[in-house]
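Coordinate analysis (summary)
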Amino acid sequence: LFQPEWGVYDLAIGDQLDSAYNGTIKKSQFTDSEIILPKTSRESNFISPRLNQIYKTLRSWREQKSSLPNLENLIEEIKKEDAEDWLIIYELIELANELKDQKNLHLLQRYLDTIKDKPISLLN
């Protein structure tokens, strides 16, 4: 974990970490060759605007706690937008179960059963 030949062991102790920066405070006191900037990349997995709208509609249904419409068309839309998106189906199952909507519950569970054994592609 720590080897003495690395030099002085720095240890900070506290109950809260407000901020952290992995560089020096005064970069001017070091030469350019000593400054190593981290190479960061951020991969984003954006969802389609329509799928985002479906999530908003689901949130609205959840907040209103009103009965769900027939979800067959919505499931078809979800298949077209992102056939691997199981999270929205699972959330719809939770809501249908909470509202005791057996018709939609069975419909959603059948669809979830069709996608549960498919391999998920990590990169689109």
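Just so we're clear, the structure is a prediction, and the values are computed from it rather than from any experiment. (Residues numbered from 1 in each chain as written. Predicted model: local features only at pLDDT ≥ 70, side-chain atom pairs only at ≥ 80, totals over all residues. Heavy atoms only, no water.)

**Considerations on unusual backbone geometry**
Most peptide bonds take the trans form, and the phi angle of most residues other than glycine is negative. How we decide: Helical segments are the DSSP runs of H or I of at least four residues, strand segments are the runs of E of at least two, and each set is numbered from the N terminus.
In the Ramachandran plot, K100 falls in the positive-phi region, its phi being about 55° despite a non-glycine side chain. Among the secondary structure elements, K100 is positioned in the loop between helix 3 (86-98) and helix 4 (102-115).

**So, the nonpolar core**
Convention followed: To qualify as a nonpolar core, a set must consist of buried Ala, Val, Leu, Ile, Met, Phe, Trp, Tyr and Cys residues joined through side-chain atoms within 4.5 Å. Partly exposed describes any residue whose relative accessible area lies between the buried limit of under 20% and the exposed limit of over 50%, with all areas from a 1.4 Å probe on protein chains only and scaled to the type maximum. Any two residues having at least one pair of non-hydrogen atoms within 4.5 Å are treated as being in contact.
In terms of nonpolar packing, the biggest core is built from 22 residues, with L71, I78, I88, I89, L92 and L108 touching the most fellow members. Put simply, the parts of the chain that give this core at least two residues each are helix 1 (49-64), helix 2 (72-82), helix 3 and helix 4. Leave out the neighbours within four places in its chain, and I78 touches L51, I54, A83, D85, I88, I89 and L92.

**Examining the environment of D85**
Counted only if it meets this: Pairs of N or O atoms are called polar contacts if they sit within 3.5 Å, as long as, within protein, a hydrogen donor faces a hydrogen acceptor (for residues adjacent in sequence, only side-chain-to-side-chain pairs).
Mapped onto the elements of the fold, D85 is located in the loop between helix 2 and helix 3. With a relative accessible area of 9%, D85 lands in the buried category. In this structure the side chain of D85 is engaged in a polar contact, spanning 3.0 Å, whose partner is the side chain of Y55.

**Regarding the packing of helix 1 against helix 3**
To be explicit about the condition: Each axis is a line fitted through C-alpha atoms, and for a helix only the stretch in contact is used; angles between axes span 0 to 180 degrees, taken between their N-to-C directions. Here the word oblique covers every angle except those under 35 degrees (roughly parallel), over 145 (roughly antiparallel) and from 65 to 115 (roughly perpendicular). Helix crossings are classified by the rotation of the near helix relative to the far one: an anticlockwise turn of less than a right angle makes the crossing left-handed, while a clockwise turn makes it right-handed.
Between helix 1 and helix 3, whose axes approach to 11 Å, the crossing angle comes to 15°. Here helix 1 lies roughly parallel to helix 3, going by the angle between them. The handedness of the crossing between helix 1 and helix 3 is left-handed. Within the contact between the two elements, helix 1 uses I54, Y55, L58, W61 and R62 and helix 3 uses L87, I88, E91, L92, E94, L95 and E98.

**A closer look at the confidence of the model for the protein chain**
Note the following rule: pLDDT runs from 0 to 100 and stands for how confident the predictor is about each residue.
Here the protein chain averages 77 in pLDDT, and 69% of its residues register 70 or above. Averaged pLDDT values over the elements of the protein chain bottom out at 86 in helix 2 and peak at 90 in helix 3.

**Comments concerning the side chain of D101**
Selection rule: Positive charges come from Lys and Arg, negative ones from Asp and Glu, while His and the chain ends are left out of the count. By convention in these notes, a salt bridge is any Lys or Arg side-chain nitrogen within 4 Å of a carboxyl oxygen on Asp or Glu.
Tracing the backbone through its elements, the reader meets D101 in the loop between helix 3 and helix 4. For the buried D101, no salt bridge exists, and the shortest N-O distance to an oppositely charged side chain is 7.8 Å, to K103. Those residues in contact with D101 that lie beyond four places of it in its chain are L68 and A96.

**Thoughts on the packing of helix 1 against helix 2**
The condition is simple: All residues other than Ala, Val, Leu, Ile, Met, Phe, Trp, Tyr, Cys, Pro, Asp, Glu, Lys and Arg, Gly among them, are scored as polar; the first ten of these are nonpolar and the last four charged.
Relative orientation of the contacting elements helix 1 and helix 2 amounts to 145°, with a least axis distance of 10 Å. Both helix 1 and helix 2 take part in a crossing whose hand is left-handed. Contacts between helix 1 and helix 2 involve R50, L51, I54 and W61 from the former and L74, E77, I78, E81 and D82 from the latter. Split into classes, the residues belonging to the contact of helix 1 with helix 2 amount to five nonpolar, no polar and four charged.

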